[in-house]
Amino acid sequence: MKKLTLLFILLAWTTSCQQTGKELNDEKPAETVNYLEEPNDARNNRMEWWRDATFGMFIHWGVYSVPAGVYNEERIPGIGEWIMNSAHIPVAEYEKFARKFNPVKYDADEWVRIAKDAGIKYIVITSKHHDGFSLWDSEISDYDVIDYSPVKRDLLGELKEACDKYDIPLGFYHSIMDWHHPDAQAPHYPDYNTSEKSNPDFDNYVQNYLKPQVKELILNYDPDILWFDGEWIPEWTHAHGLNMYQFVRGLKPEILVNNRVDKGRKGMQGMNKQDQQYAGDFGTPEQEILEGASSLDWESCMTMNDTWGFKSFDENWKSAETLIHNLIDITAKGGNYLLNIGPDAEGLIPKASRDRLTEIGAWLKINGEAIYHTKQFDPFSEGETIYYTRSKDNRYVYVISTTWPGENLELTHVSPKEGSQIYMNGLENSLNWHIEGDITIIEIPEILNEAANRPCDYAWSFRIEIDV
Ligand code: FHN
């Protein structure tokens, strides 16, 4: 009876959202649907594809890739997409870079092929960063790729087309903070020097610019994720956050929205404070990984070097091994990994990024079964170099060792099903194993002591069948 009731509730909720969603596509979200009160089953259904995907690509691209970290022949410290602020470039001066933004070598199809070959399962690109420049043809603003810069191409539309072709969900990073709009940027942009606005009207910016642009993005490109940022500014309130979340879900009920839509984020640690209900479907640790596992939805976003937006002289690249170990650590703790690329002003992905993505893709071709469509195993790790994940049907435990195990892999937290086979992913034959006391000992074939004979580099995963 309980199952039937639950099914009815879920059906009723989904139908009401769809009806409301359909009706709402062209009107303001109905007050009746409170998306913050979503039943767990409906939420789990909505989040499932994202949880299974595990590994996404972040793309920071825009006018800031033109200066690429250099202004007035000076190398500007800090992250590249902040150059307008870091170098105190007056708006009128920065607009000259927008007049030059012309990524003639941009090939969205190639970008998505590179992402797919790297084992990426979804993409989030900056539709508008803090500099206020729109990467699509906005009806709300002329400060965009069609009306303002020579590119005259719908960059987001081309990426959406390529993502649909390769079946890769696409999300938009959209900045709440805006250093270009006269009603938004004055408090955060000390050098703003062309505004006639002595008292900027932030709510005018929210109601008549920010929300209409977000609506454009949803209605024109049907994104799967809305990834807000820049929410830390004092003018953006918890009320704004709740309203924006309802607004976005009202336009597309099944869309996912990160926790930076509201004010709940605990800084770079990214998870929500627990002092009240904050909007947002997942936490967003930045440049860091949670210490322990979490049953909450979370996604760690990281750069490959030290900048999100392209900088011509940032060569401090993390190794492919580090990036793969980050993916393993995050997955075992129940999170997603959103790994960033910063294409240059011509629309090219830096070679150092492509090389790492190729190595990650090769590793995932062998070990993806231990990463995608998995859930947490308790404990998530053993010692410093062994991580666990589990198949969603609980039939298998995956063990991932980030160092070569040598003669034997010894495990104390998993008991294989009697008579079952244990495999190293990428090897055809099963491995011998036995139990000694509480320890499962998996024998590693001697021939694999030679690295060249191993199925992959950097980390090795094993599939162990357990009693369900
Ligand atoms: O200020 C932004 C920064 O430029 C970058 O977009 C990161 C990526 O999540 N978010 C903000 C810093 O927390």
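Because the structure is a prediction, the values reported are computed rather than measured.

Digging into the packing of aromatic side chains
Okay, so step 1: Throughout the structure, instances matching the rule amount to 23 aromatic pairs.
Okay, so step 2: With a centroid separation of 5.8 Å and 15° between ring planes, the pair formed by Tyr173 and Trp227 is classed as stacked. A residue pair is termed long-range when its members are at least 10 positions apart, and Tyr173 in strand β5 (residues 170-175) and Trp227 in strand β6 (residues 225-229) qualify at 54 residues.
Okay, so step 3: Take Tyr173: its relative accessible area is 0%, and that puts it in the buried class.
Okay, so step 4: By relative accessible area, which is 1% here, Trp227 ends up buried.
Okay, so step 5: An aromatic cluster of at least three residues, connected via ring pairs, comprises Trp61, Phe101, Tyr106, Trp111, Phe133, Tyr143 and Tyr148.
Okay, so step 6: Stacked on the ring of Tyr148, the Lys or Arg Arg99 has its end atom at 3.6 Å from the ring centre.

Overview of the sheet that holds strand β10 (residues 374-382)
Okay, so step 1: Spatial strand order, β10-β11-β12-β17-β14: 5 strands in an open sheet with antiparallel pairing. What marks the edges here is a single partner per strand, and that holds for β10 and β14 (422-424). Mean inter-strand twist for the sheet, computed between neighbouring axes without regard to direction, equals 20°.
Okay, so step 2: Pairing of strand β11 (residues 386-391) with strand β12 (residues 396-401), which is carried by 5 bridges, proceeds in the antiparallel orientation. Bridge pairing in β12 places Tyr388 opposite Val399.
Okay, so step 3: Across the sheet, helix α9 (residues 320-332) is in contact with β10, β11 and β12; its angle to β11 comes to roughly 55°.

Focus: the nonpolar core
Okay, so step 1: Residues Ile123, Leu159 and Val248 are the most contacted members of the largest nonpolar core, which totals 123 residues.
Okay, so step 2: For this core, the element with the highest residue contribution is helix α7 (residues 202-221), accounting for 9 residues.
Okay, so step 3: Those residues in contact with Leu159, other than ones at most four positions away along the chain, are Tyr106, Ala108, Trp111, Val112, Ile123, Ile125 and Leu170.
Okay, so step 4: Of all hydrophobic cores here, the second largest spans 14 residues; its members include Tyr122, Tyr173, Trp227 and Leu256.

Topic: the packing of α9 against helix α10 (residues 351-367)
For any two helices packed against each other, the geometry comes down to the angle between their axes and how far apart the axes lie.
Okay, so step 1: Contact geometry for α9 and α10: axes closest at 9 Å, N-to-C directions at 50°. On the basis of their axis angle, the class for α9 and α10 is oblique. Handedness of the crossing formed by α9 with α10: right-handed. Across from Ala320, Leu323, Ile324, Leu327 and Ile328 in α9, the residues of α10 making contact are Arg356, Glu359, Ile360, Trp363 and Leu364.
Okay, so step 2: Here the residues of the contact of α9 with α10 are counted per class, giving 8 nonpolar, no polar and 2 charged.

Some details on the pairing of strand β15 (residues 433-436)
Okay, so step 1: Across 4 bridges, β15 lies against strand β16 (residues 439-443) in antiparallel orientation. Opposite Trp433, over in β16, you have Ile442 as the bridge partner.

Considering the pattern of salt bridges
Okay, so step 1: A full pass over the atoms with the stated rule returns 26 salt bridges.
Okay, so step 2: Note that Glu38 is salt-bridged to Arg249, the shortest N-O span being 3.1 Å. In this pair, Glu38 is assigned in the loop between α1 (2-24) and α2 (40-53) and Arg249 in helix α8 (residues 238-251), connecting sequence segments 211 residues apart.
Okay, so step 3: Here Arg249 falls in the buried class, since its relative accessible area comes to 1%.
Okay, so step 4: Linking Lys351 and Asp355 is a salt bridge whose minimum nitrogen-to-oxygen distance equals 2.5 Å. Of this pair, Lys351 and Asp355 both sit in helix α10, 4 residues apart, roughly one helical turn.
Okay, so step 5: For Lys351, a relative accessible area of 52% corresponds to the exposed category.
Okay, so step 6: Taken together, the shared-partner salt bridges connect Glu38, Arg43, Arg46, Arg51, Arg249, Asp281 and Asp297 into one network.

Looking at the sheet that holds strand β13 (residues 408-411)
Okay, so step 1: Read from one edge of the open sheet, 3 strands run β13-β16-β15, paired in antiparallel fashion. The open sheet terminates on both sides in strands that have one partner only, identified here as β13 and β15. On average, each strand axis in the sheet is tilted by 25° relative to the strand beside it, whichever way the strands run.
Okay, so step 2: The pairing of β13 with β16 spans 4 bridges and is classified as antiparallel. When the sheet's bridge partners are listed, Glu410 is paired in β16 with Ile441.

Notes on the pairing of β10
Okay, so step 1: Bridging between β10 and β11 involves 5 bridges; their strand directions are antiparallel. Looking across to β11, one finds that Ser381 is bridged to Tyr387.

With respect to the site of the ligand
Okay, so step 1: Around the ligand there are 16 residues in total, and His60, Glu81, Trp82, His130 and Asp229 lie nearest to it.
Okay, so step 2: Residue His60 places a side-chain N or O atom 2.7 Å away from an oxygen atom belonging to the ligand.
Okay, so step 3: Glu286 is positioned such that a nitrogen or oxygen atom in its side chain is 2.8 Å from an oxygen atom of the ligand.
Okay, so step 4: Relative to its unbound accessible area of 330 Å², the ligand is 96% covered by the protein chains.

Observations concerning the environment of Lys116
Okay, so step 1: By the secondary structure assignment, Lys116 is in helix α5 (residues 108-117).
Okay, so step 2: For the pair Lys116 and Gly361, spaced 245 residues apart in the sequence, the C-alpha separation amounts to 8.2 Å.
Okay, so step 3: In this structure, Lys116 is in contact with Tyr166 and Ile168, ignoring residues within four places of it in sequence.

Analysis parameters
- Residues numbered from 1 in each chain as written.
- Predicted model: local features only at pLDDT ≥ 70, side-chain atom pairs only at ≥ 80, totals over all residues.
- Heavy atoms only, no water.
- Phe/Tyr/Trp six-rings, centres within 6.5 Å; stacked < 30°, edge-to-face > 60°.
- Helix = DSSP H or I, 4+ residues; strand = E, 2+ residues; numbered from the N terminus.
- Buried < 20%, exposed > 50% of the residue type's maximum accessible area, 1.4 Å probe, protein only.
- Lys NZ or Arg CZ within 6 Å of the ring centre and 35° of its normal.
- Pairing = 2+ DSSP bridges.
- Axes fitted to C-alpha atoms, helices over the stretch in contact; angles between N-to-C directions.
- Contact = heavy atoms within 4.5 Å.
- Core = buried A, V, L, I, M, F, W, Y, C linked by side-chain atoms within 4.5 Å.
- Parallel < 35°, antiparallel > 145°, perpendicular 65-115°, else oblique.
- Left-handed = near helix turned anticlockwise from the far one by under 90°.
- Nonpolar A, V, L, I, M, F, W, Y, C, P; charged D, E, K, R; others polar.
- Salt bridge = Lys/Arg side-chain N within 4 Å of Asp/Glu carboxyl O.
- Near = heavy atom within 4 Å.
- Polar contact = N/O pair within 3.5 Å; in protein donor to acceptor, adjacent residues only side chain to side chain.
- Areas by Shrake-Rupley, 256 points an atom, 1.4 Å probe, with all protein chains shown as cover.

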